[in-house]
Amino acid sequence: LEFSSPAHETQPKRRHPVPPTEKMPKKCSEAALSLLTCMEETECVKKDKKSVMECLRDEFESEPCSAQRNAYYTCKHSQLNMRTRIRGVRVY
């Protein structure tokens, strides 16, 4: 007896995970990337050799990236805020 394989099995299976370029982007990925890039350029990460998370926890060390940090916070907050979800993002 021979069984025909389902249509979804005819596609070749990948051996490695999907490359990041093919993944669906998250809502705040652009804001997160700009915050990460900014934090990597700070003295805290470069000279003190601390991790980005350690530098983010210290408000004084993360001050040069306060605009990017605020943008990331606003983006994440808008995902939870029911008003923003219903009416859309406010434009000033």
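Thresholds applied
- Residues numbered from 1 in each chain as written.
- Predicted model: local features only at pLDDT ≥ 70, side-chain atom pairs only at ≥ 80, totals over all residues.
- Heavy atoms only, no water.
- Helix = DSSP H or I, 4+ residues; strand = E, 2+ residues; numbered from the N terminus.
- Buried < 20%, exposed > 50% of the residue type's maximum accessible area, 1.4 Å probe, protein only.
- Contact = heavy atoms within 4.5 Å.
- Areas by Shrake-Rupley, 256 points an atom, 1.4 Å probe, with all protein chains shown as cover.
- Disulfide = S-S within 2.5 Å.
- Axes fitted to C-alpha atoms, helices over the stretch in contact; angles between N-to-C directions.
- Parallel < 35°, antiparallel > 145°, perpendicular 65-115°, else oblique.
- Left-handed = near helix turned anticlockwise from the far one by under 90°.
- pLDDT = per-residue confidence, 0-100.
- Core = buried A, V, L, I, M, F, W, Y, C linked by side-chain atoms within 4.5 Å.

J.: Is there a simple way to think about the overall build of the chain in this case?
T.: Assigned secondary structure in the chain consists of five helices and zero strands. Residue burial in the chain is summarised as follows: out of 92 residues, 16% are buried. In the chain, once contacts between residues fewer than 6 apart in sequence are set aside, the share between residues at least 24 apart is 38%. By element, 55% of the accessible surface of the chain is carried by carbon and sulfur atoms, the whole surface being about 8700 Å².

J.: Whenever I open this one, the state of the cysteines confuses me. Can you help?
T.: Such a bond, covalent and formed between the sulfur atoms of two cysteines, is termed a disulfide. In the structure shown here, the tally under the stated rule is three disulfides. A disulfide bridge connects Cys38 with Cys65, and the sulfur atoms are separated by 2.0 Å. Since a negative S-S torsion denotes a left-handed disulfide, the Cys38-Cys65 link at about -95° is left-handed. Taken as a pair, Cys38 in helix α1 (residues 29-40) and Cys65 in the loop between α3 (52-57) and α4 (66-80) lie far apart in primary sequence, 27 residues in all. Of the two residues examined, Cys38 and Cys65, each falls in the buried class. Sequence-ordered numbering of the bonded cysteines in the chain gives a pairing of 1-6, 2-5, 3-4.

J.: Quick question: what am I supposed to make of the environment of Glu63 here?
T.: Here Glu63 shows up in the loop between α3 and α4. Spatially, the C-alpha atom of Glu63 lies 9.6 Å from that of Met39, the residues being 24 residues apart in sequence.

J.: Hey, could you run me through the packing of α1 against α4 in this one?
T.: A pair of packed helices is captured by two measures, namely the crossing angle of their axes and the spacing between those axes. Packing of α1 against α4 brings their axes to within 9 Å, and their N-to-C directions diverge by 155°. Regarding the angle of α1 to α4, the classification is roughly antiparallel. Classified by chirality, the crossing of α4 by α1 is left-handed. Residues Ala31, Ala32, Ser34, Leu35 and Cys38 of α1 touch α4, and the partners they reach there are Gln68, Arg69, Ala71 and Tyr72.

J.: Got a minute to help me understand the environment of Thr42 in this structure?
T.: Here Thr42 shows up in the loop between α1 and α2 (43-46). In this structure, Thr42 is in contact with Glu61, Pro64 and Cys65, ignoring residues within four places of it in sequence.

J.: Help me out: how do you make sense of the confidence of the model for the chain in this one?
T.: Do not read the fine detail of predicted coordinates wherever pLDDT is low. Chain-level pLDDT for the chain is 76 on average; 67% of the residues reach the 70-or-more range. Between the elements of the chain, mean pLDDT differs from a low of 75, seen in helix α5 (residues 82-87), to a high of 91, seen in α1.

J.: Explanation requested: the environment of Ser51 in the structure shown.
T.: Assignment of secondary structure puts Ser51 in the loop between α2 and α3. In sequence terms Ser51 and Glu40 are eleven residues apart; their C-alpha atoms lie 8.9 Å from each other.

J.: When you look at the nonpolar core in this model, what are you seeing that I'm missing?
T.: Most often, soluble globular proteins have nonpolar side chains that are buried together. Within the largest apolar cluster, nine residues are counted, these being Leu35, Cys38, Met39, Cys44, Val45, Val52, Cys55, Leu56 and Cys65. Only α1, α2 and α3 provide two or more residues apiece to this core. Each residue touching Cys44, except ones within four places of it in the same chain, is listed here: Lys49, Lys50, Cys55 and Glu61.

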